[in-house]
Structure formats: C-alpha cells, structure tokens
Amino acid sequence: MQADLLKTNDSTWTLLVRLTHWAVATGVLISFFNESGFWHRFIGYACMALVLLRIADGLWFSRSMTSKFYLPKIADIKMHLKELVAGKISHHRGHNPLGQCAVYVMWLLIILLALTGWLSRTDQFWGEDWPVDVHQVLSYLLQAMVVLHLLAVVVVSKLQGRNLIKAMVHGK
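Keep in mind that this is a model prediction, so the values were computed, not measured.

Enquirer: Where do I start with the overall build of the protein chain in this structure?
Expert: Across its full length, the protein chain holds seven helices and zero strands. Each helix (α) and strand (β) of the protein chain, taken in turn from the N terminus, gives the series α-α-α-α-α-α-α. Here the protein chain has a C-alpha radius of gyration of 17 Å; the compact-globule value for 172 residues is 16 Å, and the two agree. Projected onto its principal axes, the C-alpha coordinates of the protein chain cover approximately 50 × 35 × 25 Å. A buried classification covers 38% of the 172 residues belonging to the protein chain. When contacts within the protein chain are restricted to residue pairs at least 6 apart in sequence, long-range pairs at least 24 apart make up 73% of them. Accessible surface for the protein chain amounts to roughly 10,500 Å². Of this, 69% is attributable to carbon and sulfur atoms.

Here's what the structure looks like:
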C-alpha cells in the first residue's frame, strides 16, 4: 500500500482535505493573533473538530489514496533526506515521508492545544498555572511547525519544479 502512496507525478487532494487544510490554517493564524476570549476558544475547538474530521476521513472514510494515512518507514525518511541533500526530490502522491510526519505532529499539537485550553477553564484547574503554561509552550511549538511547514513547501516546490500551494488550492 505504501508503494501506491509514494513516487508518482500525479498528486490529487480531495475537496475535504483542501477545505480542512485551509480552514485549520486560517483558524490557527487567527488564534495566534487573538490570544484569549470567546473567539479564541471557539476557533480552537473548531480547529480540533476539523482535525478529528480529517483523521476520521483518513482512517475510515476516504477512498482517495492521498487522503489515507500511512506511517512512513525509516528507510523512506532516510531516502527523502538523501534526496533533500542532493537537491532533487521525488514526486509523491500526497505527502512525502517527512511531510506526513509533520502533519501528524501539527494535528497532535492542535488537539493538545484545544485540550489544555479547555482544561484551563474547568473548575478543577481554574487558577492553576500549569495548563496555561503548557498551552503556551504548545502554541510556540505549533508556530515553529507552521514556519517549518511553510519553508518546506517552498523548498520542495522549488526542488520538484511544481507549485505545491497551487495544488492545495485546486487539488491537482
């Protein structure tokens, strides 16, 4: 199955993948600049719901191979790193091995951010510093992952000679 996910010149993103990607990206960006209050919480929970929807789609519902999840093999990650160093990256259907790992990390951070944000508002942890402190550290980690993601998109687009941002807009 992994062979089907890797190394092809045709990458297609489903409408659900594209909509959840841009909705979560927008929500995360807004939340970075709107650090508290009702809308921050609402957007955070909405982003978590979208991530959970995307996870359900990738695990159980989608028929598209690019929407399905896979765990990149260590050998595939090593090969991808060698390609990066060489300056020529193979085309992948869906995410490349490092990109797939990054997706999982960002989704985990978004879920943990929503959970720590919720915890900080519960009666049990009201007034406690640690949920807020953990939430802030997770926010910094997500910000770093977003920057890394954007840099990777630019670098991989250049090395592959194709516009990955455009692909996430129109799906091809």
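Moving on from the coordinates now.
Enquirer: Would you mind going over the pattern of salt bridges with me for this structure?
Expert: Opposite charge on two side chains lets them pair, provided their charged atoms get close. Throughout the structure, instances matching the rule amount to one salt bridge. One salt bridge connects R54 with D57, and the closest N-O pair in it is separated by 3.7 Å. In this pair, R54 and D57 are both assigned in helix α3 (residues 38-61), three residues apart and thus about one turn of the helix distant.

Enquirer: Just to check I follow, could you spell out the packing of aromatic side chains for this structure?
Expert: Each aromatic ring pair is characterised by the separation of its centres together with the angle its planes make. The final tally for this structure, using the stated rule, is five aromatic pairs. Between Y104 and W107 the ring centres are 6.3 Å apart and the planes differ by 55 degrees, which places this aromatic pair in the tilted class. Of this pair, Y104 and W107 both sit in helix α5 (residues 97-119), three residues apart, which is roughly one turn of the helix. Aromatic ring contacts, followed pair by pair, group F38, W39 and F42 into a single cluster.

Enquirer: I would appreciate a short explanation of the nonpolar core in the present structure.
Expert: Core analysis: the biggest nonpolar cluster contains 20 residues, and V28, V51, I110 and L142 have the highest contact counts within it. Those elements that place two or more of their residues in this core are α2 (15-33), α3, α5 and α6 (130-160). Sorting elements by how many residues they give to this core places α5 first, with nine residues. If we ignore the near neighbours within four places in the chain, the residues touching V28 are C47, I110, L142 and V146.

Enquirer: Would you explain α5 in this entry?
Expert: Because each turn of an α-helix spans 3.6 residues, side chains separated by three or four positions in sequence point in the same direction. Between its first and last C-alpha atoms α5 spans 33 Å; for 23 residues at 1.5 Å apiece the expected length is 33 Å, and the two agree. With a side-chain oxygen positioned 3.1 Å from the backbone nitrogen of L98, the residue opening α5 is N96.

Enquirer: Quick question: what am I supposed to make of the layout of surface pockets here?
Expert: Over the atoms, a rolling probe the size of a water molecule traces out where space has been left empty. Estimates place the volume of the second largest pocket at around 750 Å³. As for the second largest pocket, its lining consists of 31 residues, of which E35, S36, H40, L113 and H135 are closest to the centre. Among the secondary structure elements, those contributing two or more residues to the lining of the second largest pocket are α2, α3, α5 and α6. Of all the elements, α6 adds the most residues to the lining of the second largest pocket, at seven residues. Residues belonging to the lining of the second largest pocket are distributed by class as follows: 14 nonpolar, 13 polar and four charged.

Enquirer: Which parts of the structure should I look at to understand the packing of α2 against α6?
Expert: In helix packing, the relevant descriptors are the interaxial angle and the interaxial distance, both defined with respect to the helix axes. At a minimum axis separation of 12 Å, α2 and α6 run at an interaxial angle of 130 degrees. Taken together, the axis directions place α2 and α6 in an arrangement best described as oblique. Viewed along their axes, α2 and α6 form a crossing whose handedness is left-handed. Across from H21, V28 and F32 in α2, the residues of α6 making contact are S139, L142, Q143, V146 and H149. Within the contact of α2 with α6, the residues separate by chemical class into four nonpolar, four polar and no charged.

Rules used in this analysis
- Position labels on residues start from 1 in each chain and follow its written sequence.
- Restriction of local features to residues with pLDDT of at least 70 applies here, the model being predicted, together with a cutoff of 80 or more for giving and counting side-chain atom pairs; totals for whole chains, interfaces and linings are based on all residues.
- Note that water and hydrogens are dropped before the side-chain values are worked out from all heavy atoms of the structure.
- Each helix corresponds to a stretch of at least 4 residues labelled H or I by DSSP, and each strand to a stretch of at least 2 residues labelled E; elements are numbered beginning at the N terminus.
- Here the radius of gyration uses the C-alpha set of atoms, whereas the globule reference equals 2.2 Å times the residue count to the power 0.38.
- Burial status follows relative accessibility: with a 1.4 Å probe on protein chains alone, a residue under 20% of its type maximum counts as buried, one over 50% as exposed, and anything between as partly exposed.
- Working rule for contacts: check all heavy atoms of both residues, and any pair within 4.5 Å makes them a contact.
- For accessible areas, the Shrake-Rupley method is used with a probe of radius 1.4 Å. Any residue's cover is judged against the shown protein chains and nothing else.
- By convention in these notes, a salt bridge is any Lys or Arg side-chain nitrogen within 4 Å of a carboxyl oxygen on Asp or Glu.
- In this scheme Phe, Tyr and Trp rings, the latter by its six-membered ring, pair at centre separations within 6.5 Å, and the angle between planes marks the pair as stacked below 30 degrees, edge-to-face above 60, and tilted otherwise.
- Among buried residues, the Ala, Val, Leu, Ile, Met, Phe, Trp, Tyr and Cys ones that are joined through side-chain atoms within 4.5 Å form a nonpolar core.
- The span expected for a helix works out to 1.5 Å for each residue beyond the first.
- Two N or O atoms form a polar contact when they lie within 3.5 Å of each other; inside protein one atom must be a possible hydrogen donor and the other a possible acceptor, and for residues adjacent in sequence the pair counts only when both atoms belong to side chains.
- Cavity means a closed set of points on a 1 Å grid over the protein atoms alone, one where a 1.4 Å probe fits but cannot get out, pocket means an open set with protein on both sides within 12 Å along at least 5 of 7 lines, and lining means a residue has an atom within 4 Å of a point.
- Grid points are joined across faces, edges and corners, and a volume is the space filled by probe spheres set on the points.
- Three classes are used: nonpolar for Ala, Val, Leu, Ile, Met, Phe, Trp, Tyr, Cys and Pro, charged for Asp, Glu, Lys and Arg, and polar for all others, with Gly counted as polar.
- Helix axes are fitted only over the stretch in contact, all axes being lines through C-alpha atoms; the angle between N-to-C directions runs from 0 to 180 degrees.
- Angle categories are assigned with fixed cut-offs, so that under 35 degrees is roughly parallel, over 145 is roughly antiparallel, 65 to 115 is roughly perpendicular, and the rest are oblique.
- For any pair of crossing helices, the crossing counts as left-handed if the nearer helix is rotated counterclockwise from the farther one by less than a right angle, and right-handed if it is rotated clockwise.

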